[in-house]
Amino acid sequence: QVQLVESGGGLVQAGGSLRLSCAASGSIFRIRVNTMGWYRQAPGKQRELVAAITNLGTTNYADSVKGRFSISRVNAKNTLYLQMNSLKPEDTAVYYCNAEQSWPTRMDYWGKGTLVTVSS
């Protein structure tokens, strides 16, 4: 079993920056995780993919955050980061860390989320 714990959320003003972190622990040495990502969910809205990164470093971003957010991972530390710059009020949401297990079976792990609030 893998546990994901997010941190780094908080209240910032529009135009500010935050860096989110996700720490993975548990039986991670027994599985293979190829892709990790950040999702977010605002009140009354569907959860959406913000950014994802493969174990080879390939990244994918939602159009709404391209040029402002940057995802990275340190595999040796089992950590995932999301650097968020030029934050907008529309970025306000609970941000969730996700890890996609590919072996021995395909499954997803989720953190409990960290709240990001951007004020204007």
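Residues numbered from 1 in each chain as written. Predicted model: local features only at pLDDT ≥ 70, side-chain atom pairs only at ≥ 80, totals over all residues. Heavy atoms only, no water.

(A) How the structure looks around the pattern of salt bridges. Scanning all chains against the criterion turns up six salt bridges. A salt bridge links Asp91 to Arg68; the shortest N-O distance between them is 2.8 Å. Of this pair, Asp91 sits in the loop between β8 (79-84) and β9 (93-103) while Arg68 sits in the loop between β6 (59-61) and β7 (69-74), and the two are 23 residues apart along the sequence. We note that Asp91, like Arg68, is buried. A salt bridge links Glu100 to Arg106; its shortest N-O distance comes to 3.6 Å. Using a relative accessible area of 23% as the deciding quantity, one classes Glu100 as partly exposed. Salt bridges here are not isolated pairs; linked through shared partners, they connect Arg40, Glu48, Arg68 and Asp91. (Salt bridge = Lys/Arg side-chain N within 4 Å of Asp/Glu carboxyl O. Helix = DSSP H or I, 4+ residues; strand = E, 2+ residues; numbered from the N terminus. Buried < 20%, exposed > 50% of the residue type's maximum accessible area, 1.4 Å probe, protein only.)

(B) Looking closely at the pairing of strand β5 (residues 48-54). Where strand β4 (residues 32-41) meets β5, six bridges bridge the pair, whose relative direction is antiparallel. Residue pairing for β5: Met36 is matched across the bridge by Ile53. Linking two consecutive strands that pair antiparallel, namely β4 and β5, is a turn of six residues; a positive phi of about 75° is found at Gly44 within it. Relative to β6, β5 is paired through three bridges, and the arrangement is antiparallel. Looking across to β6, one finds that Ala51 is bridged to Tyr61. Remark: four residues form the turn of the hairpin made by β5 and β6, two consecutive strands paired antiparallel; Gly57 in that turn has positive phi of roughly 95°. (Pairing = 2+ DSSP bridges.)

(C) Structural view of the nonpolar core. Counting residues in hydrophobic clusters, the biggest one holds 31 residues, and the most contacted among them are Leu4, Trp38, Leu82, Met84 and Tyr95. Secondary structure elements with two or more residues in this core: β1 (2-7), β3 (18-26), β4, β5, β7, β8, β9 and β11 (114-119). Here Met84 is in contact with Gly16, Ser17, Leu18, Leu20, Arg68, Phe69, Tyr95 and Val116, once residues within four sequence places are set aside. (Core = buried A, V, L, I, M, F, W, Y, C linked by side-chain atoms within 4.5 Å. Contact = heavy atoms within 4.5 Å.)

(D) Broad picture of the sheet that holds β7. Spatial strand order, β1-β3-β8-β7: four strands in an open sheet with antiparallel pairing. Whereas interior strands pair on both sides, the edge strands pair on one side only; in this sheet they are β1 and β7. Recorded for the sheet is a direction-independent mean angle of 15° between the axes of neighbouring strands. As paired strands, β1 and β3 are joined by six bridges and run antiparallel to one another. Looking across to β3, one finds that Val2 is bridged to Gly26. (Axes fitted to C-alpha atoms, helices over the stretch in contact; angles between N-to-C directions.)

(E) Structural context of the state of the cysteines. Under the definition given, this model contains one disulfide. In this model Cys22 forms its disulfide with Cys97; the gap between the sulfur atoms is 2.1 Å. Looking along the S-S bond of the Cys22-Cys97 disulfide, the torsion reads about -80°, which is the left-handed sense. With a gap of 75 residues between them, Cys22 in strand β3 and Cys97 in strand β9 connect regions that are remote in the sequence. The pair formed by Cys22 and Cys97 is uniform in burial state, with each residue classed as buried. (Disulfide = S-S within 2.5 Å.)

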